[in-house]
Amino acid sequence: MPAHSIFKTAFSKVYPLYVQKAVRKNRTKEEVDEIIRWLTGYDRAGLERQIERGNDFETFFAQASAMHPNTSLIKGVVCGVRVEEVEDPLMQRIRYLDKLIDELAKGRKMEKILRT
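Reading the values: rules and limits
Just so you know, the residues in each chain are numbered from 1, in the order the chain's sequence is written. Only residues with pLDDT of at least 70 get local features here, since the model is predicted, and only at 80 or more are side-chain atom pairs given and counted; chain-wide, interface and lining totals rely on the full set of residues. Where side-chain values are given, they derive from all heavy atoms of the structure, hydrogens and water being excluded. Helical segments are the DSSP runs of H or I of at least four residues, strand segments are the runs of E of at least two, and each set is numbered from the N terminus. Buried, partly exposed and exposed residues are distinguished by accessible area as a fraction of the type maximum, computed with a 1.4 Å probe on protein chains only: under 20%, between the cut-offs, and over 50%, respectively. Contacts were defined at the residue level, with two residues in contact if any of their heavy atoms lie within 4.5 Å. Salt bridge, as used here: a side-chain nitrogen of Lys or Arg that lies within 4 Å of a carboxyl oxygen of Asp or Glu.

A. Inspection of unusual backbone geometry at higher detail. One non-glycine residue, Cys79, lies in the positive phi region at around 55°. Of note, Cys79 is situated in the loop between β1 (77-78) and β2 (81-82). Looking at Cys79, the relative accessible area reads 62%, which means it is exposed. The phi dihedral of Arg115 is positive, around 50°, even though this residue is not glycine. Among the secondary structure elements, Arg115 is positioned in the segment after α6 (110-113). Arg115 sits in the buried class, given a relative accessible area of 12%.

So, in structure tokens, the structure goes:
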């Protein structure tokens, strides 16, 4: 089965869309960054490097230091798909990120988004 086209999409192309979605709903770029860092284990400089390098999603997640251990607590539907049922690990990570950004845009508190 061929890889999904999103895998080879540059994270730096989608990142501004995450930020725009959040800002439109009166949230901040800093909150988007906090969510991404929480999920992937990147520090601020590491996230900035990923964006500057234009790495695709596959590379972005492959180079992440560690997915947060509470990712299994991320549940729900994004784009009509239950994130906890996605079988492909990379696609599931992308869907986790989409779900967290959706929660931010819907006004959910950061403590709940970050599963603390």
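B. Molecular detail of the environment of Val14. Residue position: Val14 is located in helix α1 (residues 11-24). Exposure remark for Val14: the relative accessible area of 14% places this residue in the buried category. C-alpha of Val14 to C-alpha of Asp98: the two residues are 84 residues apart in sequence and 10 Å apart in space. Each residue touching Val14, except ones within four places of it in the same chain, is listed here: Thr9 and Phe57.

C. Region of the structure containing the pattern of salt bridges. This model, assessed by the stated rule, comprises nine salt bridges. The salt bridge partner of Asp33 is Lys29, with a shortest N-O separation of 2.9 Å. With Asp33 and Lys29 both in helix α2 (residues 29-40), this residue pair falls four residues apart, about one helical turn. Residue classification places Asp33 among the buried positions, given a relative accessible area of 8%. A network of salt bridges, in which partner residues are shared, links Lys8, Asp56 and Glu58.

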